[in-house]
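Residues per chain are reported as follows:
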Amino acid sequence: MSDLKFSEKGMKKYEWLLTRYPDKQAVLLPALRIAEAEFGELGIPEMKYVADLMGISPARVYGVVTFYTHFRRAGTGTFHIQVCSTLSCALRGSQELADHIAKRLGIEMGETTEDGMFSVSKVECLGSCDTAPMFQLNDNYHENLTLDDVDRIIEDCKKESARGGAR
Ligand code: FES
């Protein structure tokens, strides 16, 4: 039995959302956003909590979480780099960018470094096509990227981590 529970603030937000949508099912995505913010990541216990809270099947919650790339799933590194690989970014060198990041971190796309510091994945269009190539690092966009930018950003993450910072 899990002791996961939304905070009072999280629960108030969830209850407010229920008044804003036509049915409970429609609240699933924003409810997962609350869970992500409250619990830090979405693993099986967090998904089960949301399913129980909403009275829907855990399988449905799991299906939604694993369908979208923008949820922070359990096991994701402290710094999650999501490289856009859709057309504008692809034409502007996102593959080279992705290869460079993977090589630098010593992992493949979709993997997390052994120390849990970095995860890297390819994602579909992040809606910033005019600034291609770009990636999302946790909640922030980094745009018009060069390989030198990537190196600098990775080093900045390492420094931030050494200072005890993270997301
Ligand atoms: S194609 Fe990369 S942000 Fe749209």
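Above this text is the structure in question.
Small disclaimer: the values here were computed from a predicted structure and weren't measured.

Caption draft 1: Molecular detail of helix 2 (residues 28-39). Spanning twelve residues, helix 2 covers 16 Å between terminal C-alpha atoms, matching the ideal 16 Å at 1.5 Å per step. Among all positions of helix 2, only Leu 28, Pro 30, Ala 31, Leu 32, Ile 34, Ala 35, Glu 36 and Phe 39 are buried. Each element contacted by the buried residues of helix 2 is listed here: helix 1 (8-20), helix 3 (44-54) and helix 4 (58-67). Taken from the residues just after helix 2, Gly 40 is the one with a positive phi, measuring 90 degrees.

Caption draft 2: Main features of the sheet that holds strand 1 (residues 79-84). Read across the open sheet, the four strands follow the order 2-1-3-4; overall the sheet is mixed. Across the chains shown, the open sheet's two edge strands, defined by having one partner strand only, are strand 2 (118-123) and strand 4 (140-142). Across the sheet, the axes of successive neighbouring strands diverge by a mean angle of 25 degrees, strand direction being ignored. The pairing of strand 1 with strand 3 (residues 135-137) spans three bridges and is antiparallel. Bridge pairing links Gln 82 to Gln 136 in strand 3.

Rules behind the numbers
Residues numbered from 1 in each chain as written. Predicted model: local features only at pLDDT ≥ 70, side-chain atom pairs only at ≥ 80, totals over all residues. Heavy atoms only, no water. Helix = DSSP H or I, 4+ residues; strand = E, 2+ residues; numbered from the N terminus. Expected span 1.5 Å × (residues − 1). Buried < 20%, exposed > 50% of the residue type's maximum accessible area, 1.4 Å probe, protein only. Contact = heavy atoms within 4.5 Å. Pairing = 2+ DSSP bridges. Axes fitted to C-alpha atoms, helices over the stretch in contact; angles between N-to-C directions.

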